[in-house]
Amino acid sequence: MDIALAVIGGTGVYRLAALEDVEARHFDTPYGAPSGPLRIGRLGEARVAFLARHGEGHALPPHRVNYRANLHALRQAGVRRVLALNTVGGITERFGPRVLACPDQLIDYTWGRESTFWDGEGEALHVDFGHPYSTMFRHKVLAAAKVTGVRVVDGGCYGATQGPRLETNAEIARMRRDGCDLVGMTGMPEAGLARELGLEYACLAIVANWAAGCGDAQEITLAEVLDNVAAASAGLPELVAELARG
Ligand code: HPA
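Residues numbered from 1 in each chain as written. Predicted model: local features only at pLDDT ≥ 70, side-chain atom pairs only at ≥ 80, totals over all residues. Heavy atoms only, no water.

> Whenever I open this one, the environment of Val153 confuses me. Can you help?
Mapped onto the elements of the fold, Val153 is located in strand β8 (residues 152-154). Each C-alpha atom, one on Val153 and one on Gln218, is 24 Å from the other, the two residues being 65 residues apart in sequence. Excluding anything up to four places from it in sequence, Val153 contacts Arg94, Phe95, Val99, Leu100, Ala101 and Cys102. (Helix = DSSP H or I, 4+ residues; strand = E, 2+ residues; numbered from the N terminus. Contact = heavy atoms within 4.5 Å.)

Here it is in structure tokens:
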């Protein structure tokens, strides 16, 4: 049976507890090893795959994740649709802690990451990236959210920063001026690589904290981040199950 959906889990999401009959598959890729095994199981009637982006023990910081290997492994497994869970900070008013959002734009501030599969000789491959997330798949995510009663903000611009440190107030102020609503460290190059592979890819951003200098942001602590991710993720199992059905 085909894999209906793959989920890439971010900070605070290391398993899909609702997956049944799970088999761990280890992939080797021309780009090296992925972050861990692909856990493929059943969610209702559908086959769903799960990959922990940072590794199952969160050993890999954002700039050390092998994004190319992860996406290549998903492709090898026959995956066509990817829901990327990304833990983020909120910059603008609608994106406070514990909000789930399905952004429709991004700005890439990362540097020095392996950001293309097109390393070979010959003509460069320039994929269209005007709409960085799959429009059709985003609509499916939003429809699944509606059916399951999970509140997901439609749209927003994700700014991908290098990390692993958090941003300065001035950096976030600049990102706000640039039009960013959300800030995270893992959105790129993942989305661009997914596009190069022709995958349907959408991001479900989990807002863990107010970004530096926004809202009532104090010092951002890991405890706060994990607490808010857990609270915001309560509806995820139903949403993912509904998405896998559709
Ligand atoms: N900035 C960048 N990445 C993040 C943040 C943040 O404030 N919160 C969670 N991931």
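The structure having been displayed, the exposition proceeds.
> Whenever I open this one, the site of the ligand confuses me. Can you help?
By nearness alone, every residue bordering the ligand is listed as Thr87, Val88, Gly89, Leu166, Glu167, Val183, Gly184, Met185 and Asn209. The contact in question runs from a nitrogen atom of the ligand to an N or O atom on the backbone of Thr87, over 3.3 Å. In this structure, Asn209 approaches the ligand through a side-chain N or O atom, which is 2.7 Å from a nitrogen atom. For the ligand, whose free accessible area comes to 260 Å², the fraction covered by protein is 92%. Judged by the fraction of its atoms near the pocket grid, the ligand is located in the largest pocket. Elements represented by at least two residues in the shell around the ligand include exactly β5 (81-90) and β10 (182-184). Looking at which element gives the most residues to the shell around the ligand, the answer is β5, with three residues. (Near = heavy atom within 4 Å. Polar contact = N/O pair within 3.5 Å; in protein donor to acceptor, adjacent residues only side chain to side chain. Areas by Shrake-Rupley, 256 points an atom, 1.4 Å probe, with all protein chains shown as cover. 1 Å grid on protein atoms, 1.4 Å probe; cavity = no way out; pocket = protein on both sides within 12 Å on 5 of 7 lines; lining within 4 Å. Sits in = over half its atoms within 2 Å of the grid points.)

> When you look at the layout of surface pockets in this model, what are you seeing that I'm missing?
Remark: the empty space left among the atoms is shown by a probe the size of a water molecule rolled over them. Reported here for the largest pocket is a volume of approximately 450 Å³. A per-element tally of the lining of the largest pocket places β5 first, with three residues. Residues that form the lining of the largest pocket fall into these classes: 12 nonpolar, 10 polar and two charged. When its volume is computed, the second largest pocket comes out at roughly 190 Å³. (Points joined across faces, edges and corners; volume = space filled by probe spheres on them. Nonpolar A, V, L, I, M, F, W, Y, C, P; charged D, E, K, R; others polar.)

> Can you help me understand the packing of aromatic side chains in this one?
Given two aromatic rings, their pairing is described by the distance between the two centres and the angle made by the two planes. Tallied over the full model, the rule gives two aromatic pairs. Relative to Phe117, the ring of Tyr31 lies with its centre 5.1 Å away and its plane at 65°, an arrangement referred to as edge-to-face. Residue Tyr31 is located in the loop between β2 (20-25) and β3 (38-43), and its partner Phe117 is located in the loop between β7 (105-108) and α2 (135-148); the two are separated by 86 residues in the primary sequence. The class of Tyr31 is partly exposed, set by a relative accessible area of 25%. Between Tyr133 and Tyr201, the aromatic rings sit 6.3 Å apart at their centres with planes inclined by 10°, giving stacked as the arrangement. One end of the pair, Tyr133, is in the loop between β7 and α2; the other, Tyr201, is in strand β11 (residues 200-210), with 68 residues separating them in the sequence. Assessed through its relative accessible area of 2%, Tyr133 is described here as buried. Residue class for Tyr201 comes out buried when judged on its relative accessible area of 2%. (Phe/Tyr/Trp six-rings, centres within 6.5 Å; stacked < 30°, edge-to-face > 60°. Buried < 20%, exposed > 50% of the residue type's maximum accessible area, 1.4 Å probe, protein only.)

> Can you walk me through the pattern of salt bridges in this structure?
Any two side chains of opposite charge can pair if their charged atoms end up close together. Under the definition given, this model contains 11 salt bridges. The shortest N-O distance in the salt bridge between Arg165 and Glu171 comes to 2.9 Å. Three or more residues are tied together by salt bridges with common partners; here these are Arg15, Arg39 and Glu56. (Salt bridge = Lys/Arg side-chain N within 4 Å of Asp/Glu carboxyl O.)

> Would you mind going over the packing of α2 against helix α6 (residues 236-245) with me for this structure?
Think of two packed helices as two axes; the pair is described by the angle between the axes and how far apart they sit. Across the interface, α2 lies against α6 with an axial gap of 9 Å and an inter-helix angle of 125°. Classified by the angle between their axes, α2 and α6 sit oblique to one another. Crossing of α2 against α6: the hand is right-handed. Where α2 approaches α6, its residues Phe137, Lys140, Val141, Ala144, Ala145, Val147 and Thr148 are matched on the opposing element by Glu238, Leu239, Glu242 and Leu243. Along the lines of polarity and charge, the residues of the contact of α2 with α6 split into seven nonpolar, one polar and three charged. (Axes fitted to C-alpha atoms, helices over the stretch in contact; angles between N-to-C directions. Parallel < 35°, antiparallel > 145°, perpendicular 65-115°, else oblique. Left-handed = near helix turned anticlockwise from the far one by under 90°.)

Nothing here speaks to function; it is all geometry.
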